[in-house]
Amino acid sequence: MAVTTRPQAPALDVKRIRADFPVLSRTANGRPLVWLDNASTSQKPRAVLEAMRAVYEEHNANIHRGVYEFSERTTAAFEDARGKVARFINAAEPREVVFVRNATEGLNLVTYAWGRDNVKAGDRVVTTVLEHHSSFVPWQQLAKEAGAEFVVVDVDDEGRLRLDQLRRELERGAKVLAITHTSNGLGVINPIKEITAWAKAAGATVVVDAAQSAPHIPVDVRDIGCDFLSFSGHKMLGPTGAGVVWGRAALLERMRPFLYGGDMISRVTLEKTEWNELPWKFEAGTSAYVEAIGLGAAIDYLTAVGLPAIHAHETALTGHLLPRLLGEAGVTVFGPHGLEDRVGVVSFDVKGIHPHDMATLLDREGIAVRAGHHCNHPLMTRLGVPATTRASTYLYNTSAECDALVDAVRKAKKVFGV
Ligand SMILES: Cc1ncc(COP(=O)(O)O)c(C=O)c1O
């Protein structure tokens, strides 16, 4: 499914949505909470909290092991959640969906279980300066160990990927392309389907980091055409501890396991061990089954609201926030100033105020934003700054909250006399 950059979708009933999120009615520092740190983690609707509470209160038991009713019910709920994830990303089969703790673990699983056996000396590992450390570092380390070349594609001055450079590098040959769908530092959406087609034509295996796309825009693994894709449940209304790595069944079948232990085996003798079938071959030990069930409830919630409508809402909020921030003297906004192909991540700097000081002053107004390098050291170096202040919106944010942010920035400027 193609991502609509200026989606025409029905407006969200934000008031109703907000009522589903208990934490949004709390205060921070005596002010109504303004949660603008969604790229870091999202808040949770009551439906997710209830789904998890129901497991503990009604049928808690370890999965895949018991032959009694509670275990069978919990196992069914866990596998049902896997089915929801599979439909959410349009996977060919649920067995292609592996539950992991988070995107970081999913991306590491691919480097360890696929990369170590497939990337050899002299191969080229292509990635981009937009990557989060959880994608960048595992491939950088693997390339070092294997003696492979590590190629990092740049961005232009707007923060968009240099597609000309990326295409050229892929045409020179690539064993693997590790690429983010959406930048957590700048909010840009990469044209992932087009890029994947170039990479596949070059014979590369394509690993997509969807941590910032799956929560905000439709993600369809078969339409993208990639080989692996990973994301975290906690950024998309789900609990911590439940993430996903999806891989093509044919690749997952051929890969060695990532972790060894219980549940991932079919038979162990003194001499050798045989692996369980997909996806359990990659799910060693007791899975975070309650969290996976919570993620299933989060997916139900997101699907009912609709990803196109969520993306349209965030685009409208960005359209509201950007000109107001840019209208303030001394404010620099990193990343595109237009609304095309971006999500609701707005990274900015105010001359004379360190982002940490800015975030602290915003916190006094009840506004939660992220200040720092956002696990994007290479990108910060490219932008020539040590850190930025990052506001990131989601389905429950309002234009009034964006106004509150701009007012608080103005107030901070007064405090600092800039
Ligand atoms: C683009 C991107 N990839 C990966 C991650 C890692 O997610 P997690 O910390 O949940 O593993 C993040 C987290 O911020 C991210 O923004």
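Calculation criteria
Residues numbered from 1 in each chain as written. Predicted model: local features only at pLDDT ≥ 70, side-chain atom pairs only at ≥ 80, totals over all residues. Heavy atoms only, no water. Near = heavy atom within 4 Å. Polar contact = N/O pair within 3.5 Å; in protein donor to acceptor, adjacent residues only side chain to side chain. 1 Å grid on protein atoms, 1.4 Å probe; cavity = no way out; pocket = protein on both sides within 12 Å on 5 of 7 lines; lining within 4 Å. Sits in = over half its atoms within 2 Å of the grid points. Salt bridge = Lys/Arg side-chain N within 4 Å of Asp/Glu carboxyl O. Buried < 20%, exposed > 50% of the residue type's maximum accessible area, 1.4 Å probe, protein only. Points joined across faces, edges and corners; volume = space filled by probe spheres on them. Nonpolar A, V, L, I, M, F, W, Y, C, P; charged D, E, K, R; others polar. Helix = DSSP H or I, 4+ residues; strand = E, 2+ residues; numbered from the N terminus. Axes fitted to C-alpha atoms, helices over the stretch in contact; angles between N-to-C directions. Parallel < 35°, antiparallel > 145°, perpendicular 65-115°, else oblique. Left-handed = near helix turned anticlockwise from the far one by under 90°. Contact = heavy atoms within 4.5 Å. Patch = residues over 30% accessible without salt bridge, like charges linked within 9 Å, V, L, I, M, F, W, Y side chains within 5 Å. Areas by Shrake-Rupley, 256 points an atom, 1.4 Å probe, with all protein chains shown as cover. Expected span 1.5 Å × (residues − 1). Pairing = 2+ DSSP bridges. pLDDT = per-residue confidence, 0-100. Right-handed = clockwise from strand over helix to strand, strands pointing away.

*Asks:* Would you mind going over the site of the ligand with me for this structure?
*Replies:* Near the ligand lie 14 residues; those nearest to it are Thr104, Asp209, Gln212, Ser232 and Lys235. A distance of 3.5 Å separates an oxygen atom of the ligand from a polar backbone atom of alanine 103. Among the detected pockets, the ligand sits in the largest pocket.

*Asks:* Could you clarify how one ought to interpret the pattern of salt bridges in this entry?
*Replies:* By the definition in use, this model includes 32 salt bridges. Salt-bridge contacts for glutamate 158 lead to arginine 160; the nearest nitrogen and oxygen are separated by 3.6 Å. For glutamate 158, a relative accessible area of 37% gives the class partly exposed. In this structure, a network of salt bridges that share partners links the residues Arg124, Glu149, Glu169 and Arg172.

*Asks:* Can you help me understand empty space enclosed by the protein in this one?
*Replies:* The rolling of a water-molecule-sized probe over the atoms marks out the regions of remaining empty space. All chains considered together, the criterion is met by 1 cavity of 30 Å³ or more. In this structure, the largest cavity occupies an estimated 30 Å³ of space. Along its surface, the largest cavity is lined by Ala39, Gln212, His216, Glu314, Val343, Gly344, Val345, Ser392 and Thr393. Counted by class, the lining of the largest cavity contains 3 nonpolar, 5 polar and 1 charged residues.

*Asks:* I keep staring at the layout of surface pockets and nothing clicks. Help me out?
*Replies:* As a volume, the largest pocket reaches approximately 350 Å³. Taken together, 25 residues form the lining of the largest pocket, with Ala39, His132, Asn184, Lys235 and Cys375 sitting closest to its centre. The set of elements that each furnish at least two residues to the lining of the largest pocket consists of helix H4 (103-118) and strand E16 (370-372). Broken down by element, the residue count for the lining of the largest pocket peaks at 3 residues, all from E16. Tallied by class, residues from the lining of the largest pocket come to 6 nonpolar, 14 polar and 5 charged.

*Asks:* Sorry if this is basic, but what is going on with the packing of helix H11 (residues 307-326) against helix H14 (residues 399-416) here?
*Replies:* Describing two packed helices takes the angle between their axes plus the distance from one axis to the other. Closest axis-to-axis distance for the H11/H14 pair is 9 Å, and the angle between their directions is 20 degrees. If you check the angle between H11 and H14, you find them roughly parallel. Along this stretch, H11 crosses H14, giving a crossing that reads as right-handed. On H14, the residues that touch Leu317, His320, Leu321, Arg324 and Leu325 of H11 are Ser399, Cys402, Asp403, Leu405, Val406 and Val409. Its residues placed into classes, the contact of H11 with H14 shows 7 nonpolar, 2 polar and 2 charged.

*Asks:* What am I meant to see in a nonpolar patch on the surface here?
*Replies:* Taken together, the side chains of Val415, Phe416 and Val418 make up a nonpolar region of the molecular surface, amounting to roughly 260 Å² of accessible area. Inspection of the secondary structure assignment puts valine 418 in the segment after H14. We classify valine 418 as partly exposed; its relative accessible area is 46%.

*Asks:* Even after reading the chapter, I still don't get H11, so can you show me in this structure?
*Replies:* Turn by turn, an α-helix covers 3.6 residues, leaving residues three or four places apart pointing in a common direction. The terminal C-alpha atoms of H11 lie 28 Å apart, and with 20 residues this matches the ideal 28 Å at 1.5 Å per residue to within 8%. Of all 20 residues making up H11, 14 are buried, and the element is well covered by its neighbours.

*Asks:* For this particular structure, what's the right way to read the sheet that holds strand E5 (residues 124-128)?
*Replies:* Note on sheets: strands pair through backbone hydrogen bonds, and any given pair is parallel or antiparallel. Taken in spatial order, the 7 strands line up as E4-E10-E9-E8-E7-E5-E6 in an open sheet, and their pairing is mixed. The sheet terminates laterally at strand E4 (97-100) and strand E6 (149-153), the two strands that pair on one side only. With direction set aside, neighbouring strand axes in the sheet form an average angle of 15 degrees. On the sheet, helix H5 (residues 133-146) packs against E5, E6, strand E7 (176-180) and strand E8 (205-209) and is oriented at approximately 150 degrees with respect to E6.

*Asks:* Mind showing me how you'd approach the confidence of the model for the chain here?
*Replies:* As a note on interpretation, predicted positions should not be read in detail where pLDDT is low. A residue-level look at the chain finds 98% of positions with pLDDT of 70 or above and a mean pLDDT of 96. Note that pLDDT drops below 50 for residues 1-7; the model gives that stretch 18 contacts with residues more than four away or on any other chain.

*Asks:* Is there a simple way to explain the environment of aspartate 123 in this structure?
*Replies:* Relative to the helices and strands, aspartate 123 resides in the loop between H4 and E5. For the pair aspartate 123 and leucine 362, spaced 239 residues apart in the sequence, the C-alpha separation amounts to 47 Å. Excluding residues within four positions of it along the chain, aspartate 123 makes contact with Asn118, Ala148, Glu149 and Lys175. Separated by 2.7 Å, the side chain of aspartate 123 and the backbone nitrogen of lysine 120 make a polar contact.

*Asks:* How should the pairing of E8 be read in this particular structure?
*Replies:* A regular strand places its side chains so that they alternate between the two faces of the sheet. Where burial is concerned, most of E8 is hidden: 5 out of the 5 residues are buried. Across the two faces of E8 the burial is the same, with Thr205, Val207 and Asp209 and Val206 and Val208 all buried. Across 5 bridges, the pairing between E7 and E8 is parallel. Bridge pairing in E8 places isoleucine 179 opposite valine 208. In the classification by handedness, the crossover that spans E7, the intervening helix H7 (residues 192-201) and the parallel E8 is right-handed.

*Asks:* Looking at this structure, I do not really get unusual backbone geometry. What am I missing?
*Replies:* Glycine aside, residues mostly have negative phi, and peptide bonds are mostly found in the trans state. Of the consecutive residues leucine 278 and proline 279, the connecting peptide bond is found in the cis state with omega at -5 degrees. Looking at the element boundaries, proline 279 is found in the loop between strand E12 (273-275) and helix H10 (289-305). Despite not being glycine, leucine 237 shows a phi value in the positive range, around 75 degrees. Looking at the secondary structure, you find leucine 237 in the loop between strand E9 (228-232) and strand E10 (243-247). Look at leucine 237 and you get buried, because its relative accessible area is 0%.

*Asks:* Looking at this structure, I do not really get the pairing of E7. What am I missing?
*Replies:* Taken across its 5 residues, E7 has 5 buried, putting it largely inside the fold. Across 2 bridges, E5 lies against E7 in parallel orientation. The partner of valine 126 across the bridge, within E7, is leucine 177.

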